[in-house]
Amino acid sequence: QLVEFGGGLVQAGDSLTLSCVASGPSFKTSAVGWFRQTPGKERSFLGAVSWTAYSEYDTESMKGRITISRDDDKNTVYLQMNGLKPEDTAVYYCAGRGFYNKRTSDDYGVWGQGTQVTVSS
């Protein structure tokens, strides 16, 4: 099970860190991806961190404004977002799979409920 925390209303230019907290013994061998979704659109990949803490990012979505990290002692993966823009307004999801990063939502079997991030101009 995955649960996201940290969404809310922020202003353009602000930074925000989302947390994805996992329960269960498999977290340490799981990759966790972050996606976001706006109404009427499919979930888009932002980035992921593998079980060995290797992070990779989509080169288009948030263009160097995000960092994904994990703390295995806390069973938590973080999505740090900087320089937020109104177009970053979306529901943000974390998702889990075994070991290695993937970029498509179909490759992830466990999803959080999502957390809303709203960026005002």
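Relevant structure appears above.
Residues numbered from 1 in each chain as written. Predicted model: local features only at pLDDT ≥ 70, side-chain atom pairs only at ≥ 80, totals over all residues. Heavy atoms only, no water.

1. Focus on a nonpolar patch on the surface
We count it as follows: For patch detection, residues must exceed 30% relative accessible area and be free of salt bridges, and they are connected within 9 Å for like charges or within 5 Å for nonpolar side chains (Val, Leu, Ile, Met, Phe, Trp, Tyr). Accessible surface area values rest on a Shrake-Rupley calculation with a 1.4 Å probe, where residue burial reflects the displayed protein chains alone. Between Lys or Arg on one side and Asp or Glu on the other, a salt bridge is scored when a side-chain nitrogen of the former is within 4 Å of a carboxyl oxygen of the latter. Put simply, DSSP H or I for four residues or longer makes a helix, DSSP E for two residues or longer makes a strand, and each gets a number counted from the N terminus.
Taken together, the side chains of Trp51, Phe99 and Tyr100 define a hydrophobic patch exposed on the protein surface, amounting to about 320 Å² of accessible area. When you line up the elements, Tyr100 lands in the loop between β9 (90–98) and β10 (110–111).

2. Here we look at the packing of aromatic side chains
Filter applied, for reference: A pair of Phe, Tyr and Trp rings is counted when the ring centres sit within 6.5 Å of each other, with Trp represented by its six-membered ring. The angle between the planes then sorts it: under 30 degrees is stacked, over 60 is edge-to-face, the rest tilted. Accessibility here uses a 1.4 Å probe with only protein chains present; expressed as a share of the type maximum, an area under 20% marks a residue as buried, one over 50% as exposed, and anything in between as partly exposed.
In the structure shown here, the tally under the stated rule is seven aromatic pairs. Their ring planes at 50° and their centres at 5.0 Å tell us that Phe35 and Trp111 sit as a pair that is tilted. Taken together, the residues span a long stretch of sequence, with Phe35 in strand β4 (residues 30–37) and Trp111 in strand β10 at a distance of 76 residues. Looking at Trp111, the relative accessible area reads 24%, which means it is partly exposed. Plain terms: the ring middles of Trp51 and Phe99 are 5.2 Å apart, the flat faces sit at 85° to each other, and that makes the pair edge-to-face. Linking Trp51 in the loop between β5 (44–49) and β6 (55–57) with Phe99 in the loop between β9 and β10, this pair joins segments that are 48 residues apart in sequence. Owing to a relative accessible area of 32%, Trp51 belongs among the partly exposed residues under this scheme. A residue is classified by how much of its surface remains accessible, and Phe99, at 36% relative accessible area, is partly exposed. Clustering of aromatic rings is evident, with ring pairs tying together Phe35, Phe45, Tyr93, Tyr108 and Trp111.

3. Focus: the sheet that holds strand β7 (residues 66–71)
The condition that has to hold: Any two strands between which DSSP finds at least two bridges are classified as paired. Each axis is a line fitted through C-alpha atoms, taken for helices only over the stretch in contact, and angles between the N-to-C directions span 0 to 180 degrees.
Taken in spatial order, the four strands line up as β1-β3-β8-β7 in an open sheet, and their pairing is antiparallel. One side of each edge strand has no neighbouring strand; the edge strands of this open sheet are β1 (2–5) and β7. On average, each strand axis in the sheet is inclined to that of its neighbour by 20°, with strand direction left out of account. Across six bridges, the pairing between β7 and strand β8 (residues 76–81) is antiparallel.

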